[in-house]
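Close look at the chain arrangement
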Amino acid sequence: MDREITLDGFAVNDNSPCYVVAEIGLNHQGRLDIALQLMDAAAECGAHAVKFQKRDPRKLLTREFYEAPYPGEHSLGATYGEHREALELTAQDYAAILEHGRTLGITVFATPFDEPSADLLHELGMPFFKIASADLKNRPLQERVASFGKPVILSTGGGAMEDVRRAYGTLTASGVEVAILQCTACYPVRDLATMNLRVIDSYRRVFPCVVGLSDHECGVIMPLAAFGLGARIVEKHFTLDRTMRGPDHKASLEPAELAELTRSLRDAHTALGDGIKLPQTCEAPAMEKLSKKIVAARDLPAGHIISLDDLAYKSPGNGGLPPVDADAVLGRALTRGLGVDDAVTFDLLAPRREGV
C-alpha cells in the first residue's frame, strides 16, 4: 500500500523521515513577538513545521460561555471570551508569521476552529490544514476545509473508530490528501495507558493514508514508540517556558526537549534501514574475533579420514571454514597432516569417495 501525503513540498510516506510539527497553538500569549521567537526556536530545533490555532471567539462561543467568569492563574481575561480574545492573533499577524516562516525555511499552518477562521487562513495562503480533535464530529467545518483542495491532517482525540471513518470519508470525498493522527485529548496525558498507541497500527490497517501521533504527553519517548509502529507525523505542543501563563504550556516541550525529539526521530529513521538483512562492514572485526572456524581437535596424519571426533570449533573465525560446513568435511581424507588447532579447509581435503 502506497501511503503518502505532500505537506508543503515534503513527501511524507512509510519510507520518509518523521515529519515533526511544533504546535505553537496559543502559547504565543496573543503576542506576535513571542510567536516569532517560538518559530525561531522551533526551526533551530529541527522541526519541519509550526502549527497555530485560529478562532473567532464571538462566532465560536455561545453568549453564556463567552461571558462566563474565567478566574485562575492562566486566565488572560475576566471572562472566558475575553481570555480567548486575548490569545488571538490578527490577520496581519498571520501574514507576518507566514513571511517569517518563508525566511526561516519552516512551514506554517494552522487549525481553524470555525468556518470564518478557516476562510481567513485559506485567504492568507496556508499550505495545508489541521482539523482538531474537538471537530472530529463537525462535518460542516470539515467540508469547508476540504473545499479548499489542500491536504488535511485529522486529529482523532475523544473519538471512536466510527467517528474517524466518517470524518475521513467526509474529507476524502473532496479528493484532498488526508493524514490521520492518533490523539488522546488530555492536557497533559498523565495515564500512559490512555495513549493507546496500538491504534496507530489499527489506523494503518483500516485507512490507506499516512498515520501519525498528536502527543500531549510531556516526554519525548512516546513519539519514538509511535514511529516504530508506523507513525510518520508527530505533533508536540511547544513553548519557550512551561511556567508561562496559559493552558497549554504545561503539556508542551521546551526547546532542548524538542531538539532531542527531532534528533532522536531522525536517528530512528536512519536506524530502520531498508529491511534487507546483510552483513554490515562494521560487524567484521567482531565476527572475526568471536566467530568460530573448524580446526583439528588433535594431530591428524595425511590420508586420515575425518570423523566428528577429529573436529573442534574455535575462535578466531578467520582463515577457516565455519562450523556450518562440518557435514561437508566429514568422511573426507586429508591430503596432508594437520596439527592440533590447525584450520580445516576444503583445499586440504581429497574429493569424497563415491558411496561414502
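Residues numbered from 1 in each chain as written. Predicted model: local features only at pLDDT ≥ 70, side-chain atom pairs only at ≥ 80, totals over all residues. Heavy atoms only, no water.

The protein chain has the name N-acetylneuraminate synthase in an unreviewed UniProt entry, where Oceanidesulfovibrio marinus is given as its organism.

**Structural notes on the overall build of the protein chain**
Note the threshold: Counting from the N terminus, the helices are the DSSP runs of H or I reaching at least four residues and the strands are the DSSP runs of E reaching at least two. What the globule rule says is 2.2 Å times the number of residues to the power 0.38, and the radius of gyration is computed from C-alpha atoms. Per-residue accessibility, obtained with a 1.4 Å probe over protein chains only, is compared with the maximum for each type, and a residue is labelled buried under 20%, exposed over 50%, and partly exposed between these values. Any pair of residues with heavy atoms lying within 4.5 Å of one another is described as a contacting pair.
Each helix and strand in the protein chain was counted, giving 13 helices and twelve strands. Relative to the 2.2 N^0.38 estimate, which gives 21 Å for 356 residues, the radius of gyration of the protein chain is 31 Å and therefore markedly larger than a compact globule would have. When the backbone C-alpha atoms are referred to their principal axes, the protein chain occupies close to 100 × 40 × 40 Å. With 356 residues in all, the protein chain has 47% of them scored as buried. Counting contacts in the protein chain only where the partners sit at least 6 residues apart, residues at least 24 apart contribute 63% of the total.

**Notes on the side chain of Thr-262**
The test is simple: Whenever two N or O atoms come within 3.5 Å, that pair is a polar contact, provided that in protein one can donate a hydrogen and the other can accept it, and provided that, for residues adjacent in sequence, both atoms are side-chain atoms.
Considering the arrangement of structural elements, one finds Thr-262 in helix α11 (residues 255–272). Residue Thr-262 is classed as buried on the basis of its relative accessible area, which comes to 2%. A distance of 2.5 Å separates a polar side-chain atom of Thr-262 from the backbone oxygen of Cys-45. Sequence-distant contacts of Thr-262, that is, excluding residues within four places in its chain, are made with Val-20, Cys-45, Gly-46 and Ala-47.

**Description of the packing of helix α5 (residues 91–104) against helix α6 (residues 115–124)**
For the record, the criterion: Geometry is summarised by axes, namely lines fitted to C-alpha atoms with helices restricted to the contacting stretch, and by angles between N-to-C directions that run from 0 to 180 degrees. Each angle is binned into one of four classes, with values under 35 degrees roughly parallel, values over 145 roughly antiparallel, values of 65 to 115 roughly perpendicular, and all other values oblique. Crossing handedness: left-handed means the near helix sits turned counterclockwise from the far one by under a right angle, and right-handed means the same turn made clockwise. Each residue receives one of three labels: charged for Asp, Glu, Lys and Arg, nonpolar for Ala, Val, Leu, Ile, Met, Phe, Trp, Tyr, Cys and Pro, and polar for the others, Gly being one of them.
Where α5 contacts α6, the two axes come as close as 10 Å, and the packing angle between them is 40 degrees. Overall, the two elements α5 and α6 adopt an arrangement that is oblique. For the pair α5 and α6, the crossing hand works out as right-handed. Between α5 and α6, the contacting residues are Ala-91, Tyr-94, Ala-95 and Leu-98 on the first element and Leu-120, Leu-121 and Leu-124 on the second. Of the residues assigned to the contact of α5 with α6, the class counts are seven nonpolar, no polar and no charged.

**Topic: the environment of Ser-16**
With respect to the element layout, Ser-16 can be found in the loop between β2 (10–13) and β3 (19–25). C-alpha of Ser-16 to C-alpha of Gln-92: the two residues are 76 residues apart in sequence and 34 Å apart in space. In contact with Ser-16, other than residues within four places in its own chain, are Ala-11, Phe-227, Arg-232 and His-269. Here the side chain of Ser-16 touches Asn-13 through a polar contact of 2.9 Å, landing on its backbone oxygen.

**Things to note about the side chain of His-83**
Considering the arrangement of structural elements, one finds His-83 in helix α4 (residues 80–86). With a relative accessible area of 1%, His-83 lands in the buried category. When residues no more than four places from it in sequence are discounted, the contact partners of His-83 are Tyr-70, His-74, Ser-75, Leu-76, Gly-77 and Pro-247.

**Digging into the environment of Glu-283**
By the element assignment, Glu-283 lies in the loop between α11 and α12 (284–290). As a C-alpha pair, Glu-283 and Phe-109 span 174 residues in sequence and 44 Å in three-dimensional space. Side-chain polar atoms of Glu-283 contact the backbone nitrogen of Gln-280, separated by 2.7 Å.

**Digging into the UniProt feature "domain: AFP-like" (unreviewed entry) in the protein chain**
Condition: UniProt positions are given in the numbering used here, feature names are shortened, and annotations may be inferred rather than shown by experiment.
If you check UniProt for "domain: AFP-like" (unreviewed entry), the listed places come out as residues 293–352 in our numbering. In residues 293–352, helix accounts for 7% and strand for 13%; the two terminal C-alpha atoms are 21 Å from one another.

**Side note on the pairing of β3**
Let me state the cut-off plainly: Two strands pair under a simple rule: DSSP has to find at least two bridges between them. Looking down the strands as they point away from the viewer, one classifies a crossover as right-handed if the path from the first strand across the helix to the second runs clockwise.
Across the seven residues that make up β3, a large majority, seven, are buried. Burial along β3 is two-sided: Tyr-19, Val-21, Glu-23 and Gly-25 and Val-20, Ala-22 and Ile-24, pointing in opposite directions, are all buried. Relative to strand β10 (residues 233–237), β3 runs parallel, the two sharing five bridges. Looking across to β10, one finds that Tyr-19 is bridged to Ile-233. For the crossover from β3 across helix α1 (residues 32–45) to strand β4 (residues 49–54), the handedness is right-handed.

**As for helix α8 (residues 161–172)**
One turn of the α-helix equals 3.6 residues, which is why residues spaced by three or four share an orientation. Basically, it comes down to this: What a helix should span is 1.5 Å times the count of its residues minus one. Taken from the helix axis, the directions to the C-beta atoms give the arc we talk about.
Helix length check: α8, at twelve residues, gives a terminal C-alpha distance of 16 Å against a target of 16 Å (1.5 Å per residue), a fit within 8%. Within the sequence span of α8, burial applies to Asp-163, Val-164, Ala-167, Tyr-168, Thr-170 and Leu-171. The arc that holds the buried residues of α8, viewed along the axis, is 160 degrees, so those residues lie on one side. Packing partners of the buried residues in α8 comprise α7 (139–146), β7 (152–155), β8 (178–183) and α9 (198–206).

**Remarks on the pattern of salt bridges**
Going by this rule: Just to be clear on terms, a salt bridge is a Lys or Arg side-chain nitrogen sitting within 4 Å of an Asp or Glu carboxyl oxygen.
According to the stated counting rule, one finds 16 salt bridges in the structure shown. Linking Asp-56 and Lys-59 is a salt bridge whose minimum nitrogen-to-oxygen distance equals 3.4 Å. Taking relative accessible area as the criterion, Asp-56 reaches 21% and is therefore assigned partly exposed. The partner of Asp-119 in a salt bridge is Arg-144, with the nearest N and O atoms 2.6 Å apart. With Asp-119 in helix α6 and Arg-144 in helix α7, the pair connects residues that are 25 residues apart, well separated along the chain. Residue class for Arg-144 comes out partly exposed when judged on its relative accessible area of 28%. Salt bridges sharing common partners tie together Arg-3, Asp-14 and Arg-204.

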